[in-house]
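# Architecture and fold: a report
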Amino acid sequence: MKNNHLSLLANRNLILLFLFVSFSASAQFQNRNTANTTDFWDNVQFGGGLGLSIGNGYTDISVAPSAIYNVNEYFSVGIGAQYTYAKQKNFYTSNLYGASLISLFNPIREIQLSAELEQLRVNVKGNYPYDFSDNFWNTGLFLGAGYRSGNATIGVRYNVLFKENNRAYSDAFMPFVRFYF
């Protein structure tokens, strides 16, 4: 009877110890998750770029929102989306839309190096010298460099996958202005 009572007492104490350790570990895990969530969002910046080009019968409007995660003060990674509408009067109209993966490297505060893998769907309709329509995917790999001041970066990027007749871009070099807040 005495051994049975000691066994029940030991089992009860073991169960209480197990519950205490479980609740303690659970509370620490929840605190750590809350801290990591807060730290994650503290390192996220939203921004991107806007573009507008208007000329003699030509219109080009671009919207490119993006979000980056600052891994540390030198390196950031992120994602972006893009939509561009372009029209040359009496010649063609095009819509480009897609997504991109972005990496940014800041060796010093004022200099920003970038690599961006972009996948765009291109829809072109034209009427010169005859009616035509074309829909295709275009992949670009842009390497860039820019001057950074505060939340803005201005620079140039180069599409290493550029092909002369792909009709998505007219040149491999593209200037850019980026903002992240």
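The coordinates are above.
Keep in mind it's a predicted model, so treat the numbers as computed, not measured.

Right, let's get into a nonpolar patch on the surface. A cluster of nonpolar side chains, contributed by V71, Y74, F75, V77, F105, I108, I111 and L113, occupies part of the molecular surface with about 640 Å² of accessible area. For the nonpolar patch, the secondary-structure elements that each account for two or more residues are β3 (75-88), β4 (92-108) and β5 (111-126). Tracing the backbone through its elements, the reader meets Y74 in the loop between β2 (58-70) and β3.

So, about the pairing of strand β7 (residues 152-159). Burial along β7 is one-sided: the residues T153, G155, R157 and N159 are buried and none of A152, I154, V156 and Y158 is. Both strand β6 (residues 132-149) and β7 contribute to a ladder of eight bridges, which runs antiparallel. Bridging from a neighbouring strand, G144 pairs with R157 of β7. In sequence, β6 turns back onto β7 through a hairpin of two residues, with G150 there showing a positive phi of about 65°. Relative to strand β8 (residues 173-180), β7 runs antiparallel, the two sharing seven bridges. Bridging across to β8, R157 finds its partner in M174.

Right, let's talk about the pattern of salt bridges for a bit. Evaluated as defined, the whole model comprises three salt bridges. When the shortest N-O distance is used, the salt bridge between R157 and E116 registers 2.9 Å. Separated by 41 residues along the polypeptide, R157 in strand β7 and E116 in strand β5 bring together distant segments of the chain. In this structure, R157 and E116 share a single accessibility class: buried. Taken together, the shared-partner salt bridges in this structure form one network comprising E116, E118, R157 and R178.

This paragraph deals with the sheet that holds strand β1 (residues 44-55). Note: strands within a sheet are paired through backbone hydrogen bonds, in either parallel or antiparallel orientation. The antiparallel closed barrel is built from eight strands, whose spatial order is β1-β2-β3-β4-β5-β6-β7-β8. When the angles between neighbouring strand axes are averaged without regard to direction, this sheet yields 25°.

A word on the nonpolar core. Counting 11 residues, the largest nonpolar core is built from L96, L120, V122, V124, F136, F142, F162, A168, Y169, A172 and M174. Counting residues per element, the ones that place at least two in this core are β5 and β6. The biggest single contributor to this core is β5, with three residues. Residues in contact with F136, not counting those within four places in the same chain, are L120, R121, V122, N166, R167 and A168.

Moving on, we get to unusual backbone geometry. Phi is positive for N90, which is not a glycine, with a value near 60°. Along the chain, N90 turns up in the loop between β3 and β4.

Parameters at a glance
- Residues numbered from 1 in each chain as written.
- Predicted model: local features only at pLDDT ≥ 70, side-chain atom pairs only at ≥ 80, totals over all residues.
- Heavy atoms only, no water.
- Patch = residues over 30% accessible without salt bridge, like charges linked within 9 Å, V, L, I, M, F, W, Y side chains within 5 Å.
- Areas by Shrake-Rupley, 256 points an atom, 1.4 Å probe, with all protein chains shown as cover.
- Salt bridge = Lys/Arg side-chain N within 4 Å of Asp/Glu carboxyl O.
- Helix = DSSP H or I, 4+ residues; strand = E, 2+ residues; numbered from the N terminus.
- Buried < 20%, exposed > 50% of the residue type's maximum accessible area, 1.4 Å probe, protein only.
- Pairing = 2+ DSSP bridges.
- Axes fitted to C-alpha atoms, helices over the stretch in contact; angles between N-to-C directions.
- Core = buried A, V, L, I, M, F, W, Y, C linked by side-chain atoms within 4.5 Å.
- Contact = heavy atoms within 4.5 Å.

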